[in-house]
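# Examining the three-dimensional arrangement
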Amino acid sequence: NSQVFSHQIEVVNFLAANFDNVTVLTAYSGKFQVAENVQVTCSNWVEGQRIKSLLRFYKRFFQIISTRKISAIFSHMTSVQSAFTAPITRLMGIKHYLWYAHASTNIYFRVSNLFGNGIITSTSGSCPAKGNQIFPIGQAIDSTKFVKKSKSNFPLNKYVHIGRLDPSKNLEKIINVAANLRNQNPNITLEIIGSPSSDKHKTYAKELMARFSSNNYSSWIKFTPKINRDLIPQILRENDCFIHSFQGSLDKTVLEATLCKRIVVSINPEYMKEFSIQNDFNINLEQSLFAHMLRALRANPEALSKALELNFKIC
């Protein structure tokens, strides 16, 4: 049910088919189904208790490497834990690869990059480091879950955003743009699906929902908490347009919407680069998003359908 990491269960099960045994050391665990040759242990990492959490993590880590023959370690978005273990695995001759898909860097990432065997990422622009130790491999999406044929609806009335309820997603800008677009098409609705990713963003999420739950917005804006990952294809196909304004690395959900052949309006630099979208609006973020959405709203349906097919093939 994690809105960020639930797909890692799929990754683990796919990897398990290529190894005799797989051990998963995870910070948190919920409901999951894994292959018979997979063992899962949890370090119970507690936000705000880094030292205690690190000690618990170290205890589990040393138990694993001292009792099992480990040939390789794949770490997913764990630059902190990787920084504290990569020097050890380097000394022990254990290959250690970190998946990192953030445009920004930090000291933990730099240590992991220095002592690890490589950085695996989605696209070259989604990693702050360059060199022959950086391996861009795409987003690891199981495309078979998203490629069912789905007819596009015109005009574009139903808009959706799926992702964390965090400030970095620029949700106020998305809402303001949708409100302005309603002057062109009063039938536009917007559903924002997601929850804050951490305790520090809960106040932001609460204030955002309170601000946009007044009578001026409640008739056409709906806030929905995070959903099970299996429901995402259905939600995407029920809507006409996926709207997206995150300025960091390339999100999985924006590609999943592309695979569902939904209209995607995104001013994410990596998405625009990968799909050859020209940003010819020399204006601020919100105005640029509005201009892209207005262009999609006024576009010829036939031209939009061709663009959907092209983007689908690229994806």
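Below: a short report on this structure. (Residues numbered from 1 in each chain as written. Predicted model: local features only at pLDDT ≥ 70, side-chain atom pairs only at ≥ 80, totals over all residues. Heavy atoms only, no water.)

Moving on, we get to the overall build of the protein. Tallying secondary structure elements over the protein gives 12 helices and 11 strands in all. Against the compact-globule benchmark of 20 Å for 315 residues, the protein has a radius of gyration of 21 Å, which places it among compact chains. Counting only C-alpha atoms and orienting by the principal axes, one finds that the protein spans roughly 65 × 40 × 40 Å. Looking at the protein as a whole, 45% of its 315 residues qualify as buried. Excluding contacts between residues fewer than 6 apart, the proportion of contacts in the protein whose partners are at least 24 apart in sequence is 58%. A total accessible area of about 16800 Å² is found for the protein, and carbon and sulfur atoms account for 53% of it. The centroid of the 37 positive side-chain charges in the protein is displaced by 4 Å from the centroid of its 21 negative side-chain charges. (Helix = DSSP H or I, 4+ residues; strand = E, 2+ residues; numbered from the N terminus. Rg over C-alpha atoms; globule rule 2.2 N^0.38 Å. Buried < 20%, exposed > 50% of the residue type's maximum accessible area, 1.4 Å probe, protein only. Contact = heavy atoms within 4.5 Å. Areas by Shrake-Rupley, 256 points an atom, 1.4 Å probe, with all protein chains shown as cover. Lys, Arg positive; Asp, Glu negative; His and termini not counted. Charge placed at Lys NZ, Arg CZ, Asp CG, Glu CD.)

On the surface, a cluster of nonpolar side chains totalling about 250 Å² of accessible area is made up of Leu-15, Phe-19 and Phe-74. Its place among the elements puts Leu-15 in helix α1 (residues 8-16). Given a relative accessible area of 34%, Leu-15 falls into the partly exposed group. (Patch = residues over 30% accessible without salt bridge, like charges linked within 9 Å, V, L, I, M, F, W, Y side chains within 5 Å. Salt bridge = Lys/Arg side-chain N within 4 Å of Asp/Glu carboxyl O.)

With that settled, consider the sheet that holds strand β4 (residues 95-99). As summarised here, the arrangement of the four strands in space is β3-β4-β5-β6, forming an open sheet in which the pairing is parallel. Strands at the two margins of the open sheet, each flanked by one partner only, are β3 (72-76) and β6 (134-136). The sheet shows a mean angle of 20 degrees between the axes of neighbouring strands, taken without regard to direction. For β3 and β4, the ladder comprises five bridges, and the chain directions are parallel. Counted as the bridge partner of His-76 is Trp-99 from β4. (Pairing = 2+ DSSP bridges. Axes fitted to C-alpha atoms, helices over the stretch in contact; angles between N-to-C directions.)

Counted according to the given criterion, the structure contains seven salt bridges. Between Glu-10 and Lys-145 there is a salt bridge, with its nearest N and O atoms 2.8 Å apart. Of this pair, Glu-10 sits in helix α1 while Lys-145 sits in the loop between β6 and β7 (158-162), placing them 135 residues apart in sequence. Measuring nitrogen to oxygen at the nearest pair gives 3.1 Å for the salt bridge that ties Asp-199 to Lys-202.

Within the sequence span of α1, burial applies to Gln-8, Glu-10, Val-11, Val-12 and Ala-16. For α1, the elements touching its buried residues are β1 (22-26), β2 (38-42) and β3.

The axes of two packed helices give the description: the angle between them and the distance between them. Orientation of helix α2 (residues 50-67) relative to helix α3 (residues 79-92), taken along the N-to-C sense of each, is 30 degrees, at an axis distance of 11 Å. Here α3 runs roughly parallel to α2, going by the angle between their axes. Relative to α3, the crossing made by α2 is right-handed. Across the interface between the two elements, Arg-50, Leu-54, Phe-57, Tyr-58, Phe-61, Phe-62 and Ile-65 from α2 touch Val-80, Gln-81, Phe-84, Thr-85, Ile-88, Thr-89 and Met-92 from α3. (Parallel < 35°, antiparallel > 145°, perpendicular 65-115°, else oblique. Left-handed = near helix turned anticlockwise from the far one by under 90°.)

Notably, Asn-44 is not glycine yet its phi reads approximately 55 degrees, a positive angle. Assignment of secondary structure puts Asn-44 in the loop between β2 and α2. The backbone of Asn-170 shows a phi angle near 55 degrees, a positive value even though the residue is not glycine. Checked against the element boundaries, Asn-170 lands in the loop between β7 and α5 (171-181). The class for Asn-170 is buried, based on a relative accessible area of 13%.

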